[in-house]
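# Topology and contacts: notes
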Amino acid sequence: MISRRAFLGCVCGGTLAALAAARPWGARRAHGATAQRPNIVWIYSDDHAENAISAYGSRLAEVAPTPNIDRIAREGILFRNSFVTNSICAPCRAVVLTGKHSHINGVIRNGIRFDGAQQTFPKLLREAGYQTALFGKWHLGSEPTGFDAWDILPGQGHYYNPDFITPDGRVQREGYVTDIITDLSLDWLENERDPEKPFMIMIQHKAPHREWEPGPDHLTTYDDVKIPEPHNLFDDYSGRGTAAREQDMSIAETMRLGADLKVWETVEEDDLVKQRTYGRMNDEQRAKWDAAYGPKNQAFLEANLEGDDLVRWKYQRYLKDYMRCIASIDDNVGRVLDYLEANGLDQNTVFFYSSDQSFYLGEHGWFDKRFIYEESLRTPLVAKWPGVIEPGSETELMVQNLDCAQTFLDIAGVPLPGDMQGRSLLPLLRGEQPEAWRNSIYYHYYEGEGRVHNVYKHYGVRTDRYKLVHFYTLDEWEFYDLETDPHEMRSEYDNPAYAEQIAALHTELDRLREHYRVPEDPPPEQA
Ligand code: CA
């Protein structure tokens, strides 16, 4: 493995002229003294599973495609093995901003206030002459720092007629949240930014987060299709440990008919979730909603489903609402792509689409995220950059959300700080195969038992083939061979045939914990 220092040295060690010559945008625009550094557009959704993007070849691709996100992959690169470090909303956002693991940036779980005084990539870009803007979900407690313009949702935000926190106070805006976040972003691009400077904009959607409220344009989308089920929808968790059995995130037991699946007929008017969702609609929105959901709900109530039939119905309603939220995201990704093209901004812009983490779409009978298991360890990542990224390319190399900050800085030609913990993906964007890339990734989930969804605390390591996990408050270990058991149905930790591989992974896990400076005891939980 190439040392981090040597790798960074080859990027940052040269003179500015050498640096410029090494950059694709420098070469392409070498004739113009006023050549602009590339713009960066980052569209980041919330809980969007890789398995819900057709470019990833999901089982939903035929019935619920994502044509505009696919367009990014078709014109650019798809990261086949993209992972997170800690699969939950706020921690992922803090990792993207800082390029540091949760135990270093401080946001080990949801509800911890992000220390906005620390180093972030938007601050470094801004110091280097970039204009920086952020619109939509923030979810980090403190106010954004390092942005010329920002306009954020409070906490998780609302789908209909959402409140926003602006530098001038709180406002409510009429409409559907995904459309509004895009409107704010396009307005900034069109009217607010200085066209003489390069920009970095983060367009961060609330959707498709629970409770999956579709927008007015997609209330009946997918009414006539049947969503394919995963083969392990009725997983009994044999072959794994306590954590898989004792989670509280199953479609069968945890998912609620009213609050989650919008059978509002089963819920009292004063229910808090009903008030912050259905209750926020104006008369016109509610009339449209009732016309779409009233007949569907009536048919469900009359069917009196039980047992597996009820789980199957819940799965269909969940997936359809989830994909309806994503249909609005996909429409709005298309709006941004079209705007850039129509205004000649697409050629010198690196355009990313990603999500804070992936999500269970009925695999193992679950929704939500948190576990190191594949569906929630992954997160989608696609990018396009005309003239630099080869259209239709893919990479199998393992990347993490930990790499985003260094990637953005590297694209902008800003020297990479020595204390960030990821790696720049710029060589991968260029189609290069770095001689030595990482062979393993480190993961750590801190929220733990007794909290929402009751997923036990754990850390672990994943290589291209194997995964070792320690549920440390249970002191239970699990080991998976992803080649023979890609859906992680059977831990092989006690199988002597794997003794050698398990020992090697223990060594690698120890190495990673030392490399990333993970404290022996988990950091104290701040308020
Ligand atoms: Ca999330």
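Everything quoted here is computed from the prediction, not taken from an experiment.

The strand order across the open sheet formed by four strands is 11-12-13-14, and the pairing between neighbours is antiparallel. Looking along the sheet, the strands with just one partner apiece sit at the ends: strand 11 (441–445) and strand 14 (476–481). Between one strand axis and the next, the sheet turns by 15 degrees as a mean value, whatever way the strands run. Relative to strand 13 (residues 466–471), strand 12 (residues 458–462) is paired through four bridges, and the arrangement is antiparallel. Within the sheet, the bridge partner assigned to Tyr 459 lies in strand 13 and is His 470.

What follows is about the domain arrangement of the protein chain. Under the domain assignment, the protein chain is made up of domain 1 (37–213 + 321–439) and domain 2 (445–515). Taking the mean C-alpha position of each, domain 1 and domain 2 sit 28 Å from one another. When domain 1 packs against domain 2, close to 1900 Å² is buried across both sides, 57% of that on carbon and sulfur atoms. It is Arg 370, Ile 372 and Tyr 373 in domain 1 that bury the most area against domain 2; as a group they hold 34% of the surface buried on that side. Between the two partners, domain 1 and domain 2, sit three salt bridges.

In terms of nonpolar packing, the biggest core is built from 73 residues, with Tyr 318 and Tyr 322 touching the most fellow members. The set of elements that each furnish at least two residues to this core consists of strand 1 (39–45), helix 4 (67–75), strand 3 (131–136), helix 8 (177–192), strand 7 (199–204), helix 11 (283–303), helix 12 (307–342) and strand 8 (349–355). Element by element, the count of residues in this core is highest for helix 12, at 16 residues. Contacts of Tyr 318, omitting those with residues within four sequence positions, involve Trp 212, Ile 251, Met 255, Leu 261, Phe 359, Tyr 360, Leu 361, Gly 362 and Phe 367.

Before going further, it helps to examine the coordination of the calcium ion. Taken together, the protein ligands of the calcium ion are Asp 46 (OD), Asp 47 (OD), Cys 89 (SG), Asp 356 (OD), Asp 356 (OD) and Gln 357 (OE1), with distances of 2.1 to 2.7 Å. Taken together, the six donor atoms coordinating the calcium ion and their angles of 51 to 159 degrees define a geometry best described as irregular. Sequence spacing among the residues donating to the calcium ion works out to D-D-x41-C-x266-D-Q. Of this pair, Asp 46 sits in the loop between strand 1 and helix 4 while Asp 356 sits in the loop between strand 8 and helix 13 (374–377), and the two are 310 residues apart along the sequence. No difference in accessibility class separates Asp 46 from Asp 356, as the two residues are buried.

Reading guide: rules and limits
Residues numbered from 1 in each chain as written. Predicted model: local features only at pLDDT ≥ 70, side-chain atom pairs only at ≥ 80, totals over all residues. Heavy atoms only, no water. Pairing = 2+ DSSP bridges. Helix = DSSP H or I, 4+ residues; strand = E, 2+ residues; numbered from the N terminus. Axes fitted to C-alpha atoms, helices over the stretch in contact; angles between N-to-C directions. Domains from an automatic or database assignment. Buried area = accessible area lost by both parts, 1.4 Å probe. Salt bridge = Lys/Arg side-chain N within 4 Å of Asp/Glu carboxyl O. Core = buried A, V, L, I, M, F, W, Y, C linked by side-chain atoms within 4.5 Å. Buried < 20%, exposed > 50% of the residue type's maximum accessible area, 1.4 Å probe, protein only. Contact = heavy atoms within 4.5 Å. Donors = N, O, S within 2.8 Å, 3.2 Å for Na, K, Ca; no water. Tetrahedral: all angles 85-135°; square planar, octahedral: opposite > 155°, others 65-115°.

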